[in-house]
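# Coordinate inspection notes
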Amino acid sequence: MTSGMFELLGFGPQGWGLPLLKAAGVTIAAALCGFLLGSIFGIGGATLKLARPRALRLIGQAYTTVFRGVPEILVVYLFYFGGSVILTTLMNTGGFPGFYSLPSFVIGVLAIGIVSGAYQTEAYRSAYLRLDRGQIEAGTACGMSKLLLLRRIVAPQTLRFALPALGNIWQSALKETSLLSVIGLTELLRQAGTAAGSTRQPLLFYAIAAAVFLVIGRATGAGLNRMESHLAKPWRR
Amino acid sequence: MASASRPAAADNASTVPAIAVDGLHKRYGAIEVLKGIDFRAHEGEVISILGASGSGKSTFLRCLNLLELPSAGRLQIFGEQVDLRQSGDALHIGNRRQVDRLRTQVAMVFQNFCLWSHMTVLENLMEAPIHVQRRGRGEVREEAEAMLRRVGLIDRAKAYPAQLSGGQQQRAAIARALVMKPRGLLFDEPTSALDPELVGEVLKVMRDLAAEGRTMLIVTHEMAFARDVSSRIVFLEQGRIKAEGLPLDLFRGGVNERFDQFISRFNQA
Ligand SMILES: Nc1ncnc2c1ncn2[C@@H]1O[C@H](COP(=O)(O)OP(=O)(O)OP(=O)(O)O)[C@@H](O)[C@H]1O
Ligand SMILES: [Mg+2]
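Residues numbered from 1 in each chain as written. Chains lettered and ligands numbered in written order. Predicted model: local features only at pLDDT ≥ 70, side-chain atom pairs only at ≥ 80, totals over all residues. Heavy atoms only, no water.

An unreviewed UniProt entry annotates chain B as Histidine/lysine/arginine/ornithine ABC transporter ATP-binding protein HisP originating from Shinella yambaruensis. What the UniProt record of chain B gives under Sequence similarities (unreviewed entry) is the line "Belongs to the ABC transporter superfamily." Here chain B is described in UniProt, under the heading Subcellular location (unreviewed entry), as follows: "Cell membrane". (UniProt positions renumbered as here; feature names shortened; annotations may be inferred.)

Chain A carries the name Nopaline transport system permease protein NocQ in an unreviewed UniProt entry, which gives Shinella yambaruensis as its organism. In UniProt, chain A has this text filed under Sequence similarities (unreviewed entry): "Belongs to the binding-protein-dependent transport system permease family. HisMQ subfamily."

As structure tokens, this is what we get:
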């Protein structure tokens, strides 16, 4: 049994070690790309929600309401089928008949990015609201332009205030990559499922997938915590 | 003492005023907070701006570096006309770069210090000279350290604002203003947020600056300081300058009834 297990999990021709490792890489890549895309959406969303014109605030509000309210797996499906409908229509009208779809990795990153961005919007917005107006005014009074203020004072302080919430959002993004198995992305869960099916050892492989998720989550979480406490240093007495 | 040692630039009419304000009005909606202020400050003058709460002292000071936009009026800083343009019934800034440049020449010290909390004291001092004035890092660093030495904070150069007492933060904020080599300094109640035992250390720094012949406009409730250190008192009431003159004259009493009432309320308190 034990030697069999080593063979199953090893990196030899019979082993699932390499495919699982690759799948873990896909999981990390999808989570990271999705999260980074989400920061762009999040900063954009927060800017909209903090903007003066009411129309912009409503757009920001609609974005966060929709993508925090709809189950994420539905967003994944909508992007998957919506993406291929649009792409196929475009290609067909462009004179290329047939069925087209975007790579599932791209769809997955988009879906995670847009959902993560909705949560990050709130993180950035509430961090911005915690800024001390007096410090911004002091910058203005020193002759700083809007852009310089943003770069030197507003952005660094907002990031520091947002970091704890961003850490939690990162953990969700990481876990939510498992939903991308439904559109055929060979990430950790899907690869574990394949291995489970062909070896008839579902418990073993799902347990391994769970353990790998935990390890990735804890390792990145520890890194984020260190960064957080480093950046919080100026506020400690 | 300090007022005697200062060069008497005040009544030298031939020099260009450091700050010249004509017909300054400021409205917030229907409320008119400043109701037509004409004012001159000459280089080397130390002017205390006194007045009851709500009389418009802060608004006046903040109009001088355009943290507040005047609703009407003209403003000249060191002989340079500030480009303010009429649009509707308000003024707006005509030339942002001019304003940003003038702001480094008329530096401001705030009641709540407003040091940037993610930067060390030294970084706070070096920020504007490097990024706004684009001066060289080495020169700025030397200047910043000299200023910290001068306000007695060189040993706290690497500390963050949150690790300093209020008095230390305010001294650092004054040093931050000085590193820009401003030609004038604006203070808005620099000691009002301090515990009583910390007021003295900040006033001492300001006294030294006054004795150097710096141009200073100080909104304050420290009457003894205003009387002893300033070369001129400006008394605001309901958005107008109600009295103006040498501290000795005004504080002796009998010059302006409203000012006497204001002072007597202070002496009782
Ligand atoms: N942004 C604003 N909007 C509306 N009214 C304002 C605003 N800022 C100031 N005011 C009003 O303008 C008046 C003058 O305010 P200002 O802060 O200049 O007074 P002050 O003399 O500095 O008083 P204090 O001694 O309390 O600091 C006050 O009645 C205040 O309520
Ligand atoms: Mg005030």
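So, on to the sheet that holds strand β9 (residues 184–188) of chain B. All names here are of chain B. What the 6 strands build is an open sheet, ordered β8-β9-β10-β3-β11-β12; its pairing is mixed. Strands with a single pairing partner mark the edges of an open sheet, and in this sheet they are β8 (106–109) and β12 (240–245). Taken pair by pair, the neighbouring strands of this sheet meet at an average axis angle of 20°, ignoring direction. Pairing of strand β3 (residues 46–51) with strand β11 (residues 232–237), which is carried by 5 bridges, proceeds in the parallel orientation. Bridge assignment links Ser 48 to a residue of β11, and that residue is Ile 233. Helix α3 (residues 96–105) contacts β8 and β9 of the sheet and is inclined by roughly 65° relative to β8. Along the sheet, helix α6 (residues 166–179) makes contact with β8 and β9, crossing β8 at roughly 170°. (Pairing = 2+ DSSP bridges. Helix = DSSP H or I, 4+ residues; strand = E, 2+ residues; numbered from the N terminus. Axes fitted to C-alpha atoms, helices over the stretch in contact; angles between N-to-C directions. Contact = heavy atoms within 4.5 Å.)

Residues and elements named next belong to chain A. Residues Ile 73, Leu 74, Tyr 77, Phe 81 and Val 182 make up a contiguous nonpolar surface patch of roughly 400 Å² in combined accessible area. Mapped onto the elements of the fold, Leu 74 is located in helix α4 (residues 72–93). Since its relative accessible area comes to 41%, Leu 74 is described here as partly exposed. (Patch = residues over 30% accessible without salt bridge, like charges linked within 9 Å, V, L, I, M, F, W, Y side chains within 5 Å. Areas by Shrake-Rupley, 256 points an atom, 1.4 Å probe, with all protein chains shown as cover. Salt bridge = Lys/Arg side-chain N within 4 Å of Asp/Glu carboxyl O. Buried < 20%, exposed > 50% of the residue type's maximum accessible area, 1.4 Å probe, protein only.)

Moving on, we get to the pairing of β3 of chain B. All names here are of chain B. Extensive coverage of β3 is indicated by the burial of 6 of its 6 residues. The two faces of β3 match: Val 46, Ser 48 and Leu 50 on one face and Ile 47, Ile 49 and Gly 51 on the other face are all buried. Two strands pair when backbone bridges link them, and β3 and strand β10 (residues 215–219) are joined in this way by 4 bridges, in the parallel orientation. What sits directly across from Ser 48, in β10, is Ile 218.

All names here are of chain B. In total, this model carries 25 salt bridges over all chains according to the counting rule given. A salt bridge links Arg 62 to Glu 68; the shortest N-O distance between them is 3.1 Å. Both residues of the pair, Arg 62 and Glu 68, count as buried. In this structure, the salt-bridge partner of Arg 103 is Asp 100, at a minimum N-O distance of 3.6 Å. Residue Arg 103 and its partner Asp 100 are both found in helix α3; the two are separated by 3 residues, about one turn of the helix. Among the residues examined, Arg 103 registers a relative accessible area of 5% and is labelled buried. In this structure Asp 100 comes out as buried when scored by relative accessible area, which is 14%. Taken together, the salt bridges that share partners define one network made up of Arg 135, Glu 139, Glu 143 and Lys 181.

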